[in-house]
Each structure stands twice: as C-alpha cells, then as structure tokens.
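Take a look at the letters that make up each chain.
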Amino acid sequence: MKKRLLIVDEDSASNSMLMNHLTNSKWVEICGQATRIDQVWQMLQSLRPDMVLLGEIKESERGVLCQQFRFAFPHLSFIAACSPQDLVWEPFFRNLGIWVVAKPIQAGQIEALAMMPQAITREAWQSAPPQEPYSNTPSMPSNQPLRQTMGEASSESQSPAIHSMPKHLITVYGPKGGVGKTFISRELAIYFSQQKREGSTLKVLAVDFNLDLGTFATTLNLPRTPNMFTWVQEIEAQLHESVRLRGRDPADIRAEEWQEYIADFRLSSADVEKYIVTHMESGLHVLTSPRDIRHSFEIRNYHVYLILETLKHSTYDVILIDTAPDTTDATIQALFFAEQVVMVGNPVVDSIENIQRLLKLLREAEYPEERIQVCMNRLQRKEMFTLDEIRAYFQLHPSKKIFPIPDDAEVKKSINTGSPMMLQPGKTAAKGAIETLGKALIPEEEEKAESPLKNKTRERPALFRWLWG
Ligand SMILES: Nc1ncnc2c1ncn2[C@@H]1O[C@H](COP(=O)(O)OP(=O)(O)OP(=O)(O)O)[C@@H](O)[C@H]1O
Ligand SMILES: [Mg+2]
C-alpha cells in the first residue's frame, strides 16, 4: 500500500517538483499540499496522511508543530525538509523523532522512508514462509518505524545516523547449498577491503549469517571469538537492564511487552567493533557466526533485526553478508536489509530451479528486482545451458547481465589454505570474474565520487539508495 504524504511547505516550486517526481511512485502518493499553516489542521483531518513533509513555513517552529500534530494524530511520521543552513537543526529534529532530508529533495529519499517499514514487516512479505519469519521481531506498525528508527538516531548524538549509514550493504545468497556463496562473499569482501575511496581504504565488514554452521572465519583462518553470540548476550544484558531501569522486573514481562521494549531498544553502532575479528592481511573485519551450534539457537529474529539495524548505521563503507541456503528469518532479513543481493547459483538444473522459485517469491512480495545481481558460479567451458537460456528461464530484464564465474581449480586450494585469491599475486580466471562482479556492485567512478558526508547540501543518492535499493 502506498503511503499518503502531505506536503507542508510554502515553497510551491519545490512542492511541484517533488509531486512530479513522485507521480508514478509505487510507494508514496501525495494526498495534499499546504503552503500555509492554517490549512494544515483541516488537511490532517480530512486527508488522513501517513507522513507529513515539513518544509519552510514562516513564523512557525517545526519541532513544536510536529509535537502538536503528533499529539492529535499519534500515528503520523514526520520528515523535515531542510535548506542547507537549516541542517544545523538536524540533531534537534532527530531527537524529536523527525526524519531530516536536505533540499533539494530527491523523490527516492521520500520513497525510501516510505518503503522502509514494508521491508521489515509482513506487509511486504505476503508470501511469508509458514514459520512466519517476523513473528518474533519487534512489532512495527507500518506507520511508526520512521520514528522508531529515528529513536535510534537520537541515541547516537555524536554521529548522526543519517550520515553514518554504510554506503553498501550487500547480501550474497543462493537457495542451494555449496554453490559458492561463502567463497564469493570472502573474495568480494577482500576485494572491497583493498579498494580506495578518496585516498582512504574502504572499511569493510563481512558478516556470517550461516548462524548454525557458518565457516566464513575458517575460510580466512580466523578465530571464532568474539562472534555474533557474544553480541547477542550483550544485547540481552542491555535489554534486561533497560527494563530494570524502567522499574520493571524482566521476569514479569509478558511477551507482548517485550516486543514493545525491543521496538524501543537501540544499540550503539560504536559497539560493533567489540564483536568483530580482524583479518590482519587485508584489514577486513568479520562478524563471525557462533562457535557452538547451540548458541545459534539462542539468536532470535529480533536480535538479527537489531544487529542489522545497528550495522546499517555503523561506519562501515561496505557490509557483506554471507547467508545460508535457506529461507529462515535471518536470511530473509538479510535480503530485505540489503541494498544489493548477489544471487549465486551453479549451472545445474536444481540450482537454476531454486533460483527461479526464489525469484518468483520475491517478485510476488514486490521485492525490487533491480537489487538482484545473478551470478553463475563454476561455469565450465562447455555447459548444457547457456547464460542466455538461463536468463530467459529466470525472465530477467533484458538489461540484466548474469555474472559468470568460471570453475577454477585454484578455488579449492585457496579455501583449504585460508588464503583468499584476491590477495594472491597474478591473475586467474575466477579472480578476474569476481573483480568484474565487484566493480558492478560498487562502480569505480562511484568510489571516486565525493563522499556525501563532506557536503551536506549535495544530493545523497547513495545514502538513501541502500534503503531504497
Ligand atoms: N569457482 C569455483 N571453482 C571451483 N570450485 C569452486 C568454485 N566456487 C566454489 N567452489 C567449490 O565449492 C565449494 C563450496 O563453496 P562454498 O562453501 O563457497 O559454497 P556455499 O554456497 O557457501 O555453501 P553452503 O551453502 O554450504 O554455505 C568450495 O569449497 C569450493 O571448493
Ligand atoms: Mg557458505
């Protein structure tokens, strides 16, 4: 369902531009436009918007207005559209739970804010697997998450969340075991960790979402402590502490109340580094899966959600998630949080069939297909199916390329020795193919582009693109 947006801004030129850009939006419909404050109350009542965009309104204080509006219409989400000089108020707005976008407003920014909750609620996942993957995640009515997310931002006053989002969150997935997800994740992660932007090396985190049987650490000869379970234990401790601080005994809290506590709960993105291990040769950070399978049973959907939320607000430039070949909640969340997904398969009929089934499911859930890059791994010189045939079977858009990675005898050796191909000298076929995939995921010219953090008044497409995909 589209979110209804009311624009409140006396700058009617800016309003018209935004209205034009959002005409065909799948996520937002503009239900009204007010250029004077006295029109707004009546419009809020009659038009019933979900979101209110507050631009320039003379002689009015946006923060106060929002509080008044919210008092009467508690479900509303607010976005403050700020001119460059107004951006100094950003922390103030964020503390009030108001999203901030810089003018000129990009339609994609508004769409990203409108669609974000759908990415994490069952609404967008109508074909939910039978286990109801979000049943344990914090309850998030679709009209609240903007504020809830802002709550997180406000807890990080020194580093505004809106400016510290990772540039790229990439999930490597494939609905069949052993097709090369971990190998490709590892090589891409190492490849990105060697890339520079504006003279400084990209800060990359690889995350092992094979919660029970992950081997990412092993493929880099890394220890498995600390790991995601270490973090989850800390989350539980903090959660219990926050309940106690509100004068409650965690033992007395009912399940629904827990959901509310969790929905309000925010982790500090500065803490992430406490739970990672570092691959010294490359500088890559790795959040490994638990050492003990039993620990993985303790990781609940809401932990995964909180971890992903925190990572997305962390200072990493690239976050690469290696997943398991399943449709558990952790995997589905990793897909929905991702800015891009690398869908890995082999040129064998069962792998192809499962990718097709997955694509069908994602299409039914209106998952933005432009996020998905299909990658055929282990191609041999002569294959029974050509890439064109595979593409036709997947019904991919004609502009979509399938990324081939050849079968390469060096791969096995490089996995067995824990020595990534990307750090080995010389060229191999698989190495070149992964570089090509890496460049498609993060184009080089984008790496050279000026960081959005440097100039707040510039467009911030990349910042929002990870949300929007
Ligand atoms: N391009 C390749 N050429 C040759 N061998 C490969 C290639 N890619 C992967 N392999 C082999 O396939 C094996 C499985 O790869 P990998 O562990 O990355 O798969 P996976 O999809 O992560 O598996 P799982 O679903 O169990 O997590 C590797 O150990 C490696 O030997
Ligand atoms: Mg794997």
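Calculation rules
Residues numbered from 1 in each chain as written. Chains lettered and ligands numbered in written order. Predicted model: local features only at pLDDT ≥ 70, side-chain atom pairs only at ≥ 80, totals over all residues. Heavy atoms only, no water. Salt bridge = Lys/Arg side-chain N within 4 Å of Asp/Glu carboxyl O. Helix = DSSP H or I, 4+ residues; strand = E, 2+ residues; numbered from the N terminus. Buried < 20%, exposed > 50% of the residue type's maximum accessible area, 1.4 Å probe, protein only. Near = heavy atom within 4 Å. Polar contact = N/O pair within 3.5 Å; in protein donor to acceptor, adjacent residues only side chain to side chain. Nonpolar A, V, L, I, M, F, W, Y, C, P; charged D, E, K, R; others polar. Phe/Tyr/Trp six-rings, centres within 6.5 Å; stacked < 30°, edge-to-face > 60°. Lys NZ or Arg CZ within 6 Å of the ring centre and 35° of its normal. Pairing = 2+ DSSP bridges. Right-handed = clockwise from strand over helix to strand, strands pointing away. 1 Å grid on protein atoms, 1.4 Å probe; cavity = no way out; pocket = protein on both sides within 12 Å on 5 of 7 lines; lining within 4 Å. Points joined across faces, edges and corners; volume = space filled by probe spheres on them. Axes fitted to C-alpha atoms, helices over the stretch in contact; angles between N-to-C directions. Contact = heavy atoms within 4.5 Å.

Named according to an unreviewed UniProt entry, the protein is Response regulator originating from Brevibacillus invocatus.

(A) A look at the pattern of salt bridges. Per the stated rule, a full pass over the model turns up 19 salt bridges. Ionic pairing is found between E56 and K103, a salt bridge with its closest N-O pair at 3.4 Å. Taken as a pair, E56 in the loop between β3 (51–54) and α3 (62–72) and K103 in the loop between β5 (99–102) and α5 (107–120) lie far apart in primary sequence, 47 residues in all. With a shortest N-O distance of 2.7 Å, K203 and E273 are connected by a salt bridge. One end of the pair, K203, is in the loop between β8 (200–201) and β9 (204–208); the other, E273, is in the loop between α10 (255–264) and β10 (277–279), and 70 residues separate them in sequence. Of the residues examined, K203 reaches a relative accessible area of 26% and is grouped as partly exposed. Given a relative accessible area of 39%, E273 falls into the partly exposed group. Several salt bridges share partner residues, and in doing so they unite D9, D11, E56 and K103 into one network.

(B) Representation of the site of ligand 1 within the structure. Near ligand 1 lie 17 residues; those nearest to it are K181, T182, F183, N377 and D408. K181 is positioned such that a nitrogen or oxygen atom in its side chain is 2.7 Å from an oxygen atom of ligand 1. R378 has a polar side-chain atom sitting 3.4 Å from a nitrogen atom of ligand 1. Elements supplying a minimum of two residues to the shell around ligand 1: α8 (181–193), β14 (372–379) and α16 (409–416). When grouped by side-chain class, the residues that make up the shell around ligand 1 number six nonpolar, six polar and five charged.

(C) Structural view of the packing of aromatic side chains. For the structure shown, the criterion picks out eight aromatic pairs. Seen from their ring centres, W258 and Y261 are 6.3 Å apart, and the 65 degrees between their planes marks the pair as edge-to-face. Of the two residues, W258 and Y261 are both situated in helix α10; the distance of three residues between them amounts to about one turn of the helix. Residues W258 and Y261 agree in their burial class; the two are buried. Site record: aromatic cluster; members linked through ring pairs are W41, F69 and F78. The aromatic ring of Y367 is capped on one face by R371, whose charged end is 4.9 Å from the ring centroid.

(D) Up close: the pairing of β14. With seven of its eight residues buried, β14 lies for the most part within the structure. Summarising the sheet, strand β13 (residues 340–345) and β14 pair through five bridges and their orientation is parallel. In the strand pairing of β14, V344 is matched with C375. For the handedness criterion, the β-α-β arrangement of β13, helix α14 (residues 349–364) and β14 is classed as right-handed. Pairing of β14 with strand β15 (residues 402–406) involves five bridges; the strand directions are parallel.

(E) Examining the layout of surface pockets more closely. Of the pockets and cavities examined, the largest pocket occupies roughly 470 Å³. G178, V179, G180, F183 and I415 are, among the 24 residues lining the largest pocket, the residues nearest its centre. Mapped by element, the contributors of at least two residues to the lining of the largest pocket are α8, β14 and α16. Of all the elements, α16 adds the most residues to the lining of the largest pocket, at five residues. Along the lines of polarity and charge, the residues of the lining of the largest pocket split into eight nonpolar, ten polar and six charged.

(F) Here's a closer look at the sheet that holds strand β4 (residues 77–82). In spatial order, the strands read β2-β1-β3-β4-β5; together these five strands make up an open sheet with parallel pairing. Looking at the sheet topology across the chains shown, the edges are occupied by β2 (28–34) and β5. For this sheet the average axis-to-axis angle between neighbouring strands, irrespective of direction, equals 25 degrees. The pairing of β3 with β4 spans four bridges and is classified as parallel. The partner of V52 across the bridge, within β4, is F78. Helix-sheet contacts for helix α1 (residues 12–21) involve β1 (3–8), β2 and β3, and the interaxial angle to β2 is about 160 degrees.

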